[in-house]
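Letter by letter, the chains look like this.
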Amino acid sequence: MLSFILRRVAALALTLCVTAAVIFIVLEILPGDPAAVMMGVNATPENVAAIRAEYGLDRPAVERFLTWIGGLLTGDLGLSYTYRVPISSLIAERAQVTLPLAAMAVMLSASIGIPLGTLAAAKANTRTDSLVMGISQLGLAVPNFWFGILLVLLFAVTLGWFPAGGFPGWGAGVLAGIKTLILPAVALALPQSAILARLTRSAVLEALQEDFVRTARAKGLSWPATLRKHVLRNALVPVVTILGLQFSVLVAGAIIIENVFSLPGLGRLMFQSIAQHDIIVVKDLVVLFAALVVFMNFIVDVAYGIIDPRLRRT
Amino acid sequence: MTKKSLPFLAFAALIAAAPGALAQNRDAAVLCMTLEPPILDPTAGAAQAIKEVTYNNVFETLVSIDSASKLQPRLAENWVLAPDNVTYTFKLKSGVKFHDGAEFTSADVKFSFERAVAPNSKNAQKASFTPIETITTPDPLTVVIKLKQPTARFLEGIAIGDASIVSEKSAATNETRPVGTGGYRYVDWRRGDRLIYTRNEAYWGRKPAIKDVSYRFIADAQAQFAAIQAGDCDAITNFGAYESVDALRKNPALKVMVGSTEGETMLAINNAKAPFNDLRVRRALAHAIDRKAVIEGAMNGVGVPIGSHFSPAHPAYVDLTGAVPYDPAKAKALLREAGFPNGFSTTLRLPPPPYARRSGEVIAAMLGEVGIKVSIEPVEFPQWLERVFRNKEYDLSIIAHTEPLDVGNYARTDYYWGYNNADFQAMNTRANAEMDEAKRFQIYRDMQKKILDDQVNVFLFMLPKTTVAKKDLEGMWQNWPIPVSPASELSWK
Amino acid sequence: MSGPETIAAAPSFRRSPWRHPSLIIGGIIVALIVTAALVSLVWTPHPPTKLNIPSRLQGPSATFWLGTDHFGRDVFSMLMVGARNSLAVGIVAVSIGAVFGVLLGTASAARSGSWLDEAIMRTADFTFAFPAVLSAVMITALAGPGVVNAIIAIGIYNIPIFARLTRSGALQVWSRDYVMAARAAGKTAAQITMRHVIPNIAGLIIVQATIQFATAILAEAGLSYLGLGTQPPNPSWGRMLFEAQTTMQRQPLLAIFPGLTIVVAVLGCNLLGDGLRDVLDPRVNRSRS
């Protein structure tokens with residue numbers, strides 16, 4: 001077991017190192033001089049040289065890479081070219097939008113998807129089942145950004161129940177903040193809940209085939225109690241795993257959804273930084289993102305290894 | 001749920017939205033704009049947004065430009081130009097303090113201008129200060145600036161945000177914590193969302209009417225629309241979704257003002273590159289483009305057509321819009337004459353603003369009608385600067401030149417248009433040195449005609465400024481002689 | 001990997017395609033879209049890229065069945081050509097994913113437990129961490145926006161999905177008796193892969209390809225909506241939605257039709273995939289992103 005975890009940790013560290021190197025190499029060859037970008041159309045060569053010197057862009061690539069990695073390890077993410085503030089504070093600020101948004105979307109999709117999936121499995125091959133599966137098919141097919149546009153049209157522009165976009169900051173009150181995140185979270189959660197409903201249905205159906213369920217039923221345990229005590233507990237393992245793994249899909253979705261709702265989150269920061277050629281921010285964000293996803297995979301792997309020793313081999 | 005709500009949505013969207021019914025807080029205003037400034041020091045970056053949020057708010061200039069494009073004394077009480085035409089003497093306002101309590105004196109002016117031309121300066125308008133030979137400060141309230149040669153537009157050059165007066169003590173930190181002399185002081189900046197100011201209670205001049213002002217940054221025009229309809233914004237400084245303007249006009253709580261900017265929008269041509277080094281080809285492009293249809297299709301009909309690189313708002317403007325009319329047959333004939341009976345293929349590199357992307361699509365289709373196959377290549381602004389503007393790697397592009405009176409750019413031999421004409425350069429030198437206004441304006445007229453004669457670019461329209469504001473918010477600039485939105489001029493009716 | 005989703009099909013669901021409504025409905029929808037795309041090669045009601053400024057932003061009429069956009073182009077014609085665009089992107093991107101994924105997956109399974117297997121699977125884990133939108137945003141930053149870059153991004157995203165599926169399917173085949181026998185008889189790994197593994201997992205791959213096709217359509221729409229995918233003047237469903245946003249107040253239907261088209265197309269592919277799976281192999285594990 002220990003050696004299994006150690007191997008996984010080593011793989012994790014290696015993956016992160018390779019990621020950082022690849023990202024650095026890839027982004028360093030981007031066309032466009034960030035210093036020139038900051039000074040715009042009227043920049044003189046001296047202007048640009050001044051900025052290059054200030055940001056150390058004139059030093060050799062290897063030195064810049066080592067400085068960057070060193071900074072990453074010590075928590076110093078560097079200074080944004082465009083905003084000229086520490087990136088760690090920039091990311092911390094934006095995470096205050098994206099993380100609650102992602103959390104709300106996960107909770108929403110779980111609270112819609114899991115009950116619906118369980119219901120469909122419990123009533124497998126009935127009309128209820130077909131209806132739930134039909135709705136989930138539809139949910140899978142709706143592009144989340146389009147759903148977002150429709151939500152804005154209906155609930156913000158026409159009915160005025162929710163703000164159309166933007167984020168007032170948590171300083172304006174927790175309720176006001178949550179209110180602005182509801183529509184984007186719904187848009188983000190829709191396809192997720194459809195996926196979850198389908199997964200839950202299959203997981204529950206599979207668990208229903210297990211011997212212990214039949215035994216429990218044979219012993220006279222009521223149907224809801226069987227479902228609660230035996231079926232769901234077993235079915236939830238794959239479902240929760242998927243919830244963890246959907247994280248990367250959620251962040252990718254956030255890039256689009258934060259654009260639809262003009263939310264100052266991490267996805268938008270990524271999009272803007274690329275447009276403004278703020279390479280340092282892009283590098284940090286990608287590494288951060290990769291680290292999170294790889295870490296999620298690691299947790300899931302280890303959890304699986306603990307649950308099922310047969311999986312420790314690979 | 002999606003299924004059910006669709007027909008309803010289609011119907012509901014047609015109904016004008018109800019305006020926000022909340023009572024207006026008369027001590028606060030939220031101004032929404034498209035682009036967020038990267039930093040807040042107008043003397044250290046090129047982005048227009050920096051100037052838009054700081055000009056006459058946090059920072060002030062010796063002389064400022066008002067909404068009617070007139071020069072007004074600001075930190076300078078008055079000024080005199082000596083008969084030698086090169087010596088300006090500025091008398092400064094007394095009792096002016098920076099937000100950190102430091103006294104404003106002639107030393108700050110000297111420091112600011114010398115910093116702007118220093119070798120390591122990040123000032124984007126260095127050229128405004130290069131005519132300066134010496135700056136002397138005989139006393140704390142007097143500045144004497146001696147120029148190298150007579151410079152007709154020197155005062156205009158120091159009236160822009162890039163010439164803001166900063167204090168030596170705070171200059172280094174102005175990028176993130178700006179300290180100026182203006183009527184508003186910096187409170188907080190939530191990057192990606194909004195910038196927050198509060199009134200400077202120790203302001204030397206007339207106190208701003210509204211205490212708390214914030215600038216909110218909403219990149220997407222549709223989100224701006226929704227925000228002002230919902231009452232989240234009190235004004236939008238320049239609204240970009242032209243098709244939505246009519247819906248805003250129907251909202252009784254809002255007013256819409258369409259004004260002008262100094263942004264000459266054009267199809268920029270790489271004059272140095274074949275086949276565009278042939279005047280007949282450039283003229284053919286001009287004949288192939290229906291300016292009216294471009295304005296209709298790309299700008300929803302808003303935008304004043306121009307025939308040359310000059311603002312119709314300027315007294316020296318000559319109307320040349322009819323000089324090269326829309327005439328596809330003539331365009332084809334010219335192409336044939338130039339050796340392209342079957343047209344040719346070319347690329348059109350488009351920067352991100354919607355005016356460029358949309359005009360580009362219309363123009364590509366129009367050029368296609370006369371046989372020029374245009375492939376559209378959208379680029380982000382950094383790539384546009386690098387490839388089109390700096391390295392001149394382009395055939396055609398679309399861009400608005402927003403600086404006021406910038407026809408002198410055609411005299412820059414290294415400029416991205418690749419236009420190099422000795423006659424024009426001579427005219428420009430004469431205009432810059434000509435202190436007599438009437439004579440200078442005559443030269444400007446000749447310059448406008450000259451660049452059209454050479455068809456350096458195809459001139460399309462002036463970029464409009466569409467201001468949307470709540471009915472009882474007064475003082476928004478209708479026109480943009482310079483693109484700024486001073487909150488100090490706002491008040492609630 | 002989005003996990004094992006075992007479909008516990010009711011025993012009655014077997015063999016006859018006519019017993020599977022999702023196969024029928026999905027098939028019809030996909031056939032309609034393919035037909036529209038093919039017809040658009042030779043005919044559309046109006047030229048899809050021809051600007052017609054005087055008749056811009058019109059509602060549906062006898063002339064313009066679904067109205068016109070901000071340049072006066074016919075929406076119905078654009079949707080037809082957009083179908084061609086979406087199908088092309090889907091086919092190329094999924095092919096990239098399937099070809100490379102199957103190659104890597106079969107190699108991985110043939111050398112199961114080796115360093116090669118480990119390297120391929122770790123790389124797959126890593127690549128999978130970058131959803132199509134994210135890698136497309138990065139590729140765009142590098143090489144500029146465009147449909148080719150969008151295809152590459154979606155294709156790369158698909159490789160690990162096919163690689164994992166192929167590997168798990170191939171491992172099962174490898175453990176079968178006749179494969180063991182073939183190995184004992186001295187057949188090489190490549191021969192076994194060609195002779196036994198690939199024919200056995202073909203159904204699995206086809207089903208997955210149909211479903212990935214649907215996600216590719218969604219991804220392309222999302223990228224084009226962000227301005228990173230198909231470029232003008234080529235019509236694309238996602239781009240049409242992006243453009244409709246600025247004209248939504250005057251012509252809300254412009255934001256409705258392309259969205260509905262995407263929903264129908266994706267739904268059709270998913271239904272077809274589900275139906276095919278039921279018919280081809282009702283017991284396989286499948287993964288879906």
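Residues numbered from 1 in each chain as written. Chains lettered and ligands numbered in written order. Predicted model: local features only at pLDDT ≥ 70, side-chain atom pairs only at ≥ 80, totals over all residues.

1. Here we look at the overall build of chain C
Check the secondary structure of chain C and you find nine helices and two strands. For chain C, the succession of helices and strands along the chain, N to C, is β-α-α-α-α-α-α-α-α-α-β. Taken across its 289 residues, chain C has 56% of its residues classed as buried. (Helix = DSSP H or I, 4+ residues; strand = E, 2+ residues; numbered from the N terminus. Buried ≥ 20, exposed ≤ 12 C-beta atoms within 10 Å, placed from the backbone.)

2. With respect to the overall build of chain A
The helix and strand tally for chain A stands at 13 helices and zero strands. From first element to last, N terminus to C terminus, chain A shows the α and β order α-α-α-α-α-α-α-α-α-α-α-α-α. Considered along the principal axes of its C-alpha atoms, chain A spans approximately 85 × 60 × 30 Å. Considering chain A as a whole, with its 314 residues, one finds that 46% of them fall into the buried category. Restricting the contact set of chain A to residue pairs at least 6 apart, pairs at least 24 apart contribute 70%. (Contact = placed C-beta atoms within 7 Å.)

3. A look at helix H8 (residues 174-209) of chain A
Taking 1.5 Å of rise per residue, 36 residues should cover 52 Å, yet H8 of chain A covers just 45 Å from first to last C-alpha, more than 12% shy of that figure. At Ala189 of chain A, H8 of chain A shows its largest bend, some 35°, and a proline, Pro191 of chain A, comes one to four positions later. (Expected span 1.5 Å × (residues − 1). Bend = angle between axes of the 7 residues up to and from the residue.)

4. Structural notes on the sheet that holds strand S6 (residues 132-139) of chain B
Residues and elements named next belong to chain B. Reading across from one edge, S4-S5-S7-S6 is the order of the four strands in this open sheet, with antiparallel pairing throughout. Single-partner strands in this sheet number two, and they are strand S4 (76-81) and S6. In this sheet, neighbouring strand axes are inclined to one another by 20° on average, regardless of whether the strands run parallel or antiparallel. In the packing of helix H3 (residues 106-117) onto the sheet, contacts are made with strand S5 (87-92), S6 and strand S7 (142-147), and the angle to S6 comes to roughly 165°. (Pairing = 2+ DSSP bridges. Axes fitted to C-alpha atoms, helices over the stretch in contact; angles between N-to-C directions.)

5. Considering the nonpolar core
Counting 314 residues, the largest nonpolar core has Cys32, Leu267 and Leu285 of chain B together with Val133, Val137, Ile217 and Val266 of chain C as its most contacted members. Excluding residues that lie within four positions of it along the chain, Cys32 of chain B makes contacts with Arg216, Ile218, Gln224, Ala227, Ile228, Cys233, Ala235 and Ile236 of chain B. (Core = buried A, V, L, I, M, F, W, Y, C linked by C-beta atoms within 7 Å.)

6. Remarks on the pairing of S7 of chain B
All names here are of chain B. Here five bridges tie S5 to S7, and the two strands are oriented antiparallel to one another. Within the sheet, the bridge partner assigned to Thr89 lies in S7 and is Val144. Relative to S7, S6 is paired through five bridges, and the arrangement is antiparallel. Residue pairing in the sheet places Ile135 in a bridge with Ile145 of S7. Hairpin connection of S6 to S7: two residues between the antiparallel strands.

7. Focus on unusual backbone geometry
In this chain, Ala274 of chain B is followed by Pro275 of chain B through a cis amide linkage whose omega measures 0°. For Pro275 of chain B, the position within the fold is in the loop between strand S12 (254-269) and helix H7 (279-288). Cis geometry is adopted by the peptide bond preceding Pro233 of chain C, which originates at Pro232 of chain C and carries an omega value of 5°.

8. Description of the environment of Val85 of chain A
Tracing the backbone shows Val85 of chain A in the loop between helix H4 (61-73) and helix H5 (87-122). By the C-beta count within 10 Å, which is 16 here, Val85 of chain A ends up partly exposed.

9. Things to note about the packing of helix H7 (residues 189-225) of chain C against helix H9 (residues 253-280) of chain C
All names here are of chain C. Taken N-terminus to C-terminus, the directions of H7 and H9 make an angle of 170°; their axes are 8 Å apart at the nearest point. In this view, H7 runs roughly antiparallel relative to H9, as classed from their interaxial angle. Facing H7, whose interface residues are Gly203, Ile206, Val207, Thr210, Ile211, Phe213, Ala214, Ile217, Leu218 and Ala221, H9 presents Ile262, Ala265, Val266, Cys269, Asn270, Leu272, Gly273, Leu276, Arg277 and Leu280. The class makeup of the residues in the contact of H7 with H9 is 15 nonpolar, four polar and one charged. (Parallel < 35°, antiparallel > 145°, perpendicular 65-115°, else oblique. Nonpolar A, V, L, I, M, F, W, Y, C, P; charged D, E, K, R; others polar.)

10. What about the confidence of the model for chain C?
Residue and element names in this part refer to chain C. In this model, chain C carries an average pLDDT of 85, and 89% of its residues clear a pLDDT of 70 or more. Averaged pLDDT values for the elements of chain C fall to 37 in strand S1 (residues 5-6) and rise to 95 in helix H2 (residues 75-110). Low pLDDT, under 50, characterises residues 1-14; the predicted model gives this stretch 41 contacts beyond four residues in sequence or across chains. Interface confidence in the predicted complex, given as ipTM, is 0.83; pTM for the same model is 0.84. (pLDDT = per-residue confidence, 0-100.)

11. Describing H7 of chain C
Because an α-helix packs 3.6 residues into every turn, residues spaced three or four apart end up facing the same way. Residues and elements named next belong to chain C. With 37 residues, H7 should cover 54 Å at 1.5 Å per step; its first-to-last C-alpha distance of 45 Å lies more than 12% under that length. Along H7, the largest kink reaches about 45° and is centred on Ala202. In the stretch just after H7, Gly227 is the one whose phi turns positive, near 85°.

12. Looking at the pairing of strand S10 (residues 212-217) of chain B
Residue and element names in this part refer to chain B. Among the six residues that make up S10, five are buried, leaving the element largely enclosed by the rest of the structure. Where strand S1 (residues 28-33) lies against S10, six bridges are found, and the strand directions are parallel. If you follow Ala28 over to S10, its bridge partner there is Asp212. Relative to S10, strand S9 (residues 194-199) is paired through five bridges, and the arrangement is antiparallel. Note on S10: the bridge partner recorded for Ile196 is Ser214.

13. Some thoughts on the packing of H2 of chain C against H9 of chain C
Residues and elements named next belong to chain C. Two elements in contact, H2 and H9, have axes whose closest approach is 11 Å; the angle formed by their N-to-C orientations is 35°. As H2 runs across H9, the sense of the crossing is right-handed. For the pair H2 and H9, the contacting residues are Val75, Leu79 and Ser86 in the first and Leu254, Phe257, Pro258, Thr261 and Ala265 in the second. (Left-handed = near helix turned anticlockwise from the far one by under 90°.)

14. Structural notes on the environment of Leu243 of chain A
Residue and element names in this part refer to chain A. With respect to the element layout, Leu243 can be found in helix H10 (residues 223-245). Take Leu243: there are 22 C-beta atoms within 10 Å of it, and that puts it in the buried class. Put simply, Leu243 and Met107 are 136 residues apart on the chain and 9.8 Å apart in space, counted from C-alpha to C-alpha. In this structure, Leu243 is in contact with Val106 and Ala110, ignoring residues within four places of it in sequence.

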